[in-house]
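The lines below spell out each chain.
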Amino acid sequence: MLEIKDLHVKLADEDKQILKGVNLTVGQGQVHAIMGPNGSGKSTMSYVLSGKPGYEVTAGSALMDGSDLLGMAPEDRAAAGLFLAFQYPVEIPGVGNMTFLRTAVNSQRKKRGEAELSAAEFLKEIREKAKALKIDADMLKRPVNVGFSGGEKKRNEILQMAMLEPKMCVLDETDSGLDVDAMKLVAEGVNGLRDGKRSFLVITHYQRLLDHIQPDVVHIMADGRIVKSGGAELALEVENNGYADILKEVA
Amino acid sequence: MALAKIKQDAMQERLATLNMPKGAAWAMAARNDAVARLAKAGLPGRRDEYWKYTDPSSLVQTVAVPAAPFATDESPVFGQIDRLKIVFRDGVFDASASDDLSMEGIEIERLSDAVQMDIHWAKELYGVLEKNGQDPVARPLATLNTGFATDGVVIRVTGRPSKPVSLIYLHNQETSDAILHHVIRVEKGAALTLLENGPAAARFSKVLEVDVAEHGSFHHIRAQGRDHERRAVTHMFGRLGSDSLFKSFTLTANGVMTRNEVVLELTGDNGVANVAGAALGDGEFHHDDTVFITHDAVGCKSRQVFKKVLRNGATGVFQGKILVKSGAQKTDGYQISQALLLDGDSQFLAKPELEIYADDVICSHGSTSGEIDDDAMFYLRSRGVPEGIAQDLLTRAFLAEVIEEIDDPVIADDIQSRLESWLQRRG
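Residues numbered from 1 in each chain as written. Chains lettered and ligands numbered in written order. Predicted model: local features only at pLDDT ≥ 70, side-chain atom pairs only at ≥ 80, totals over all residues. Heavy atoms only, no water.

1. Some words on the overall build of chain B
Item 1. If you tally the helices and strands in chain B, you get 9 helices and 19 strands.
Item 2. Judged by the C-alpha coordinates and their principal axes, chain B covers about 70 × 50 × 50 Å.
Item 3. Expressed as a percentage of the 427 residues in chain B, the buried residues total 60%.
Item 4. Restricting the contact set of chain B to residue pairs at least 6 apart, pairs at least 24 apart contribute 84%.
Item 5. Here chain B has roughly 16100 Å² of accessible surface; of this, 49% comes from carbon and sulfur atoms.
Item 6. Within chain B, one finds 46 positive and 61 negative side-chain charges whose respective centroids are separated by 3 Å. (Helix = DSSP H or I, 4+ residues; strand = E, 2+ residues; numbered from the N terminus. Buried < 20%, exposed > 50% of the residue type's maximum accessible area, 1.4 Å probe, protein only. Contact = heavy atoms within 4.5 Å. Areas by Shrake-Rupley, 256 points an atom, 1.4 Å probe, with all protein chains shown as cover. Lys, Arg positive; Asp, Glu negative; His and termini not counted. Charge placed at Lys NZ, Arg CZ, Asp CG, Glu CD.)

2. Notes on the sheet that holds strand 2 (residues 17-26) of chain A
All names here are of chain A.
Item 1. The strand order across the open sheet built from 4 strands is 2-1-4-5, with neighbouring strands paired in antiparallel fashion. Looking at which strands have only one partner, the edges of the open sheet turn out to be strand 2 and strand 5 (67-68).
Item 2. Packed onto the sheet, helix 1 (residues 42-50) meets strand 1 (2-11), strand 2 and strand 4 (55-64) and runs at close to 105° relative to strand 1. (Pairing = 2+ DSSP bridges. Axes fitted to C-alpha atoms, helices over the stretch in contact; angles between N-to-C directions.)

3. Thoughts on the interface of chain A and chain B
Accessible area lost upon the coming together of the parts is a frequently used measure of interface size.
Item 1. Between chain A and chain B, the contact holds 30 residues from the first and 16 residues from the second.
Item 2. At the boundary of chain A with chain B, total buried surface from both sides reaches about 1800 Å², with 71% on carbon and sulfur atoms.
Item 3. Counting across the interface, chain A meets chain B through 3 salt bridges.
Item 4. With a closest N to O distance of 2.6 Å, Arg383(B) and Glu157(A) form a salt bridge.
Item 5. The interface formed by chain A and chain B holds 9 residue pairs in polar contact (both at pLDDT 80 or more) in total.
Item 6. For the side of chain A that touches chain B, the class distribution of residues is 18 nonpolar, 9 polar and 3 charged. (Buried area = accessible area lost by both parts, 1.4 Å probe. Salt bridge = Lys/Arg side-chain N within 4 Å of Asp/Glu carboxyl O. Polar contact = N/O pair within 3.5 Å; in protein donor to acceptor, adjacent residues only side chain to side chain. Nonpolar A, V, L, I, M, F, W, Y, C, P; charged D, E, K, R; others polar.)

4. Side note on the pairing of strand 11 (residues 245-253) of chain B
Moving residue by residue along a regular strand, the side chains alternate between the two faces of the sheet.
Residues and elements named next belong to chain B.
Item 1. Across the 9 residues of strand 11, 8 count as buried, placing the element largely inside the fold.
Item 2. Here strand 9 (residues 217-224) pairs with strand 11 via 8 bridges, running parallel. Bridge assignment links His-220 to a residue of strand 11, and that residue is Ser-248.
Item 3. Direction of pairing for strand 11 relative to strand 13 (residues 272-282): parallel, over a ladder of 9 bridges. Looking at strand 13, one finds that Lys-247 is bridged to Asn-274.

5. Overview of helix 1 of chain A
Residues and elements named next belong to chain A.
Item 1. For helix 1, the tally of buried residues reaches 9 of 9 residues, placing the bulk of the element in the interior.
Item 2. Of the positions making up helix 1, those classed as buried are Lys-42, Ser-43, Thr-44, Met-45, Ser-46, Tyr-47, Val-48, Leu-49 and Ser-50.
Item 3. Among the residues trailing helix 1, Gly-51 stands out with phi positive, at a value near 95°.

6. Regarding unusual backbone geometry
Item 1. In the segment running from Asp135(B) into Pro136(B), the intervening peptide bond is cis, with an omega of 5°.
Item 2. Among the secondary structure elements, Pro136(B) is positioned in the loop between helix 5 (128-132) and helix 6 (140-148).
Item 3. Non-glycine residue Glu165(A) carries a positive phi angle of around 45°.
Item 4. Along the chain, Glu165(A) falls in the loop between helix 6 (150-164) and strand 9 (168-172).
Item 5. Overall, the relative accessible area of 47% leaves Glu165(A) in the partly exposed class.

7. Some details on the pattern of salt bridges
Item 1. For the structure on display, the rule yields 49 salt bridges over all chains.
Item 2. We note a salt bridge from Lys20(A) to Asp223(A), for which the minimum N-O separation is 2.8 Å. Pair noted here: Lys20(A) is in strand 2 and Asp223(A) is in the loop between strand 11 (217-222) and strand 12 (225-230), with a separation of 203 residues, a long-range link.
Item 3. A relative accessible area of 25% places Lys20(A) in the partly exposed class.
Item 4. Take Asp223(A): its relative accessible area is 46%, and that puts it in the partly exposed class.
Item 5. What emerges from the salt-bridge pattern is a single network uniting Glu107(B), Arg156(B), Arg185(B), Glu187(B), Asp211(B) and Arg239(B).

8. Topic: the side chain of Asp175(A)
Residue and element names in this part refer to chain A.
Item 1. If you trace the backbone, Asp-175 turns up in the loop between strand 9 and helix 7 (180-192).
Item 2. Buried within the structure, Asp-175 lacks any salt-bridge partner; Arg-208 is the closest side chain of opposite charge, at an N-O distance of 5.5 Å.
Item 3. If sequence neighbours within four positions are ignored, Asp-175 has contacts with Met-183, Ile-203, Thr-204, Tyr-206 and Leu-209.

9. Some words on the sheet that holds strand 12 of chain A
All names here are of chain A.
Item 1. With mixed pairing, the 6 strands of this open sheet are ordered in space as 6-9-10-3-11-12. The open sheet terminates on both sides in strands that have one partner only, identified here as strand 6 (82-85) and strand 12. For this sheet, the mean inter-axis angle between neighbouring strands, taken without regard to orientation, is 20°.
Item 2. Bridge count between strand 9 and strand 10 (residues 199-203): 5 bridges; the pairing is parallel. Opposite Cys-169, over in strand 10, you have Phe-200 as the bridge partner.
Item 3. Each of strand 6, strand 9 and strand 10 touches helix 6; the most contacted strand, strand 6, lies at about 170° to it.

10. Points about the environment of Asn106(A)
All names here are of chain A.
Item 1. Along the chain, Asn-106 turns up in helix 3 (residues 97-111).
Item 2. On a C-alpha basis, the gap between Asn-106 and Ser-118 in space is 9.1 Å, while along the polypeptide they are 12 residues apart.
Item 3. Leaving out residues up to four positions away in the same chain, Asn-106 has contacts with Glu-116 and Leu-117.

These figures capture arrangement, not role.
Take a look at the structure:
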């Protein structure tokens, strides 16, 4: 599904290398977690995969279903099935959440040559999916993320994911700023989308989220590289001993 | 101070091309007074401070620059609204296209008829509010208009007419040069909604004098024509009595040169004056909103909200002033002007001013100019929204606040649909 090879990335307008050769393969239907200390490059990787300006790929490649992600415009990556749940979802005053989502869903469908959803079809679908995430009608009407609490913003991300039905979901610290109940709700949302085909890359600081979203593989990232990979037990090791031991071990 | 020779010459040249329409003594007195005032003030020039950001030469020169009428298959603005239509074609009243001018609660006459009457209420207003509005800043193009306007409407509102009055300015001739002048008196407790739309001419000079008596209300919505090459200088002079309401909104999409001046004076306590505008320009587009609101009574509110979307080298100008006179306590004044620059070639020039001589007032002003927010753009694109559509969404979002200034939802929808089609057409 996702195949990252020897990915090197620097900031576009600074001489600062952030990713220094990332190798990572996520198979279809798998859930991979990436953990790592602050500044290790986790978020940068999610941005580079989704096409955020400001980064320069100096070497390496990232393929999704065999097509070169890095050469595509962000909207084309989305239409091809990539989704990034933002660590800090952006507030967009003046654009209604519903308008935004319908535009997004139909833009993707159009790009893929599928029929666009009618207003009624869209409404029916979003109501069902919003209900499961405890998103009320008022949140759907309000401008995108404006005045949303931290938890509401994250739930709104998951709602977008549910509506857009991507193949490859990247969750960038979706657990940050959430209380236990909100985290459970978000995790349920994610688990509800696990259908054996859809793949996930879950970036997190804490093992806690992984109690709710069971990963197949856990990677530890440090200083722009994946330094260790293992099973779910690796996350527990981090939880108990922190990163220091692991980093020492691989140094 | 004597007028500089270069200004003298320019004015003489311009006046030589104009004929003063004949009328009753009061009208001729007002026109001759205007010409006398003009002889002192001269026409605006590039060096005038008030024209620092806008070159007046194409508005002043003797012959209008030709402008091709814009062919469109879109439905006309306000087409869905039940209204009393008054049509001017290239500045000439078109009786066959206009409705019957009679309606309950309102008296409507053509200016060219009213000025023939020896006794007419319009004597108290024609050129009077314009003249009041010359201090402290001269507005010679309005004075020229008072002197030479060929027609217009004279409206006295005594009740609450059942539908809006709609002035429609059609433009058919490439070289038309129109000067219209309207006078409106909203009597005590009366209410009028005035709609204006259309380019009017290759070059259009328009003065609107509005006197709103106590407890009266005046709503004004205008859509200036889309003709790319048209030029316009418009002035709106308003005088507000106590507890009166004055609300004006202008949409300007296209037009190579537009200068819209608004001069309002709150003369009675607890008056409310709101002026707003949305301007959309692509390429050869220069749009100037110049607003001067004077608070001269207690407890009045004024609000200015202006937004411009500019691209491909378009220029937007905003000069907005709130003057609070010494007795005007409890004034609440607000002013915001914002531009969204869709590329690096466009520019926005803003000069917000507050001048306050009372000590118990709230006045605020803000002005911003910026590009589309990168983070919002990336967020939308990351969800699959193509760049162009994302830009449109964010542009609409930028304009949403100013559309909210329109009270009537049907009119607001109509204006909104014009914005949409401009965005889709990209020009």
